[in-house]
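# Breakdown of the fold
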Amino acid sequence: MSERESLEWTLRDRAKLGLRHVGKCQECGEFCMDTPHPEKAREWCLRHVEDTGHVFYELTAFELLRAARTKRPERKGSSPA
Ligand SMILES: [Zn+2]
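Residues numbered from 1 in each chain as written. Predicted model: local features only at pLDDT ≥ 70, side-chain atom pairs only at ≥ 80, totals over all residues.

On to the overall build of the chain, then. A count of helices and strands for the chain gives 1 helix and 4 strands. In the chain, the succession of α and β elements from N to C terminus is β-β-α-β-β. For the chain, with 81 residues in total, the buried portion stands at 7%. A fraction of 59% describes how many contacts in the chain between residues 6 or more apart in sequence connect residues 24 or more apart. (Helix = DSSP H or I, 4+ residues; strand = E, 2+ residues; numbered from the N terminus. Buried ≥ 20, exposed ≤ 12 C-beta atoms within 10 Å, placed from the backbone. Contact = placed C-beta atoms within 7 Å.)

Written out as structure tokens, the structure is:
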């Protein structure tokens, strides 16, 4: 068994950040800053319609995760910390 296989990892959501939303124009590729509020992303799309006349949009939601060890790796030999 390799050293890599002896490690166990788990993914945790980053609670302070939560679910993020991004509005993106499918015509020119412009997109807004990610926001916790889906309605803010929709508002950006509506402003973009007024500025450009572009009418095709996508709204994406995503989570930011952090990997954490579920147990400490076994020390093998004398690797410096
Ligand atoms: Zn556009």
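Additional details are given in the paragraphs that follow.
With that settled, the discussion passes to the pairing of strand S1 (residues 9–13). Among the 5 residues in S1, 0 count as buried, and that is only a small part of the element. Two strands pair when backbone bridges link them, and S1 and strand S4 (residues 65–69) are joined in this way by 5 bridges, in the antiparallel orientation. Note that in S4 the partner of Leu-11 across the bridge is Ala-67. (Pairing = 2+ DSSP bridges.)

Moving on, we get to the environment of Met-33. Counting through the fold element by element, Met-33 comes out in the loop between strand S2 (19–25) and helix H1 (38–52). For the pair Met-33 and Arg-20, spaced 13 residues apart in the sequence, the C-alpha separation amounts to 9.6 Å.

Taking 1.5 Å per residue, 15 residues should reach 21 Å; H1 reaches 21 Å between its end C-alpha atoms and fits that length. Every buried residue belonging to H1 is among Ala-41, Trp-44 and His-48, and all of these are buried. Taken around the axis of H1, the buried residues stretch over an arc of 50°, which confines them to a single face. Among the exposed residues of H1, those pointing more than 90 degrees away from its buried face are Glu-39, Leu-46, Arg-47 and Glu-50. The elements touched by buried residues of H1 are S2 and strand S3 (57–63). Two residues or fewer after H1 comes Gly-53, characterised by a positive phi angle close to 80°. (Expected span 1.5 Å × (residues − 1). Arc of directions from axis to C-beta.)

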